[in-house]
Amino acid sequence: MLAGHQQVAGGLEISCPVLVLTSGRTLITPRWSPQMREADTVLDVEQIRRRALQLGPLVTVAQFEGAIHDVTLSAQDVRERVYAELRRWSRAYVHR
């Protein structure tokens, strides 16, 4: 994982459109907190969003308030927003 992050930090040239989905915030703490149900508790989302722009020339970054690390496993209202964005992005960039 660290090697992959280092490659991204160095810049990639992905030629196809890229969609990056993140939580709205990071919360890394050694003790359980209910706020952990609405934040990324694994990675720094600010760093992900900054580095996402180095993936290639066409990158869409979408952040979702209330999402957890795996945004598709978030609470139902967040998942609905995530899947709505996936549909919108797919219509714009994926050939049928």
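Heads up: the structure comes first, above all this text.
This structure is a prediction, so every number in the text was calculated from the model and none was measured. (Residues numbered from 1 in each chain as written. Predicted model: local features only at pLDDT ≥ 70, side-chain atom pairs only at ≥ 80, totals over all residues. Heavy atoms only, no water.)

J.: Outline helix α2 (residues 45–52), supporting the account with residue identities and numerical values.
T.: Looking only at α2, the buried set comprises Val45, Arg49 and Ala52. For α2, the angular spread of buried residues about the axis comes to 65°, placing them on one side. Elements in contact with the buried residues of α2: β1 (18–23) and β2 (59–64). The opening residue of α2, the one whose side-chain oxygen lies 3.0 Å from the backbone nitrogen of Glu46, is Asp44. (Buried < 20%, exposed > 50% of the residue type's maximum accessible area, 1.4 Å probe, protein only. Helix = DSSP H or I, 4+ residues; strand = E, 2+ residues; numbered from the N terminus. Arc of directions from axis to C-beta. Contact = heavy atoms within 4.5 Å. Polar contact = N/O pair within 3.5 Å; in protein donor to acceptor, adjacent residues only side chain to side chain.)

J.: Tell me about the side chain of Thr60, and name the residues and values.
T.: Within the secondary structure, Thr60 is located in strand β2. Judged by its relative accessible area of 18%, Thr60 falls in the buried class. Filtering out sequence-adjacent residues up to four positions away, Thr60 remains in contact with Val18, Leu19, Val20, Glu85, Trp89 and Tyr93.

J.: Got a sec to walk through the pattern of salt bridges? Specific residues and values, please.
T.: Following the criterion strictly, the structure yields 3 salt bridges and no others. Residue Arg49 pairs with Glu46 through a salt bridge whose shortest N-O separation is 2.7 Å. Taken together, the positions of Arg49 and Glu46, both in helix α2 and 3 residues apart, correspond to about one turn of that helix. Between Arg88 and Glu85 there is a salt bridge, and its shortest N-O distance comes to 2.7 Å. Of this pair, Arg88 and Glu85 both sit in helix α3 (residues 76–93), separated by 3 residues, roughly a single helical turn. Arg88 gets classed as partly exposed once you look at its relative accessible area, which sits at 46%. (Salt bridge = Lys/Arg side-chain N within 4 Å of Asp/Glu carboxyl O.)

J.: Explain the pairing of β2 to me, and be specific about the residues and the numbers.
T.: Bridge analysis of β1 against β2 gives 6 bridges, and the strand direction is parallel. Bridged to Val20 within β2 is Val61. In this fold, the crossover linking β1 to β2 by way of α2 has right-handed handedness. (Pairing = 2+ DSSP bridges. Right-handed = clockwise from strand over helix to strand, strands pointing away.)

J.: So what about helix α1 (residues 2–10)? Which residues, and what values?
T.: Where burial is concerned, little of α1 is hidden: 0 out of the 9 residues are buried. Taken from the residues just after α1, Gly11 is the one with a positive phi, measuring 95°.

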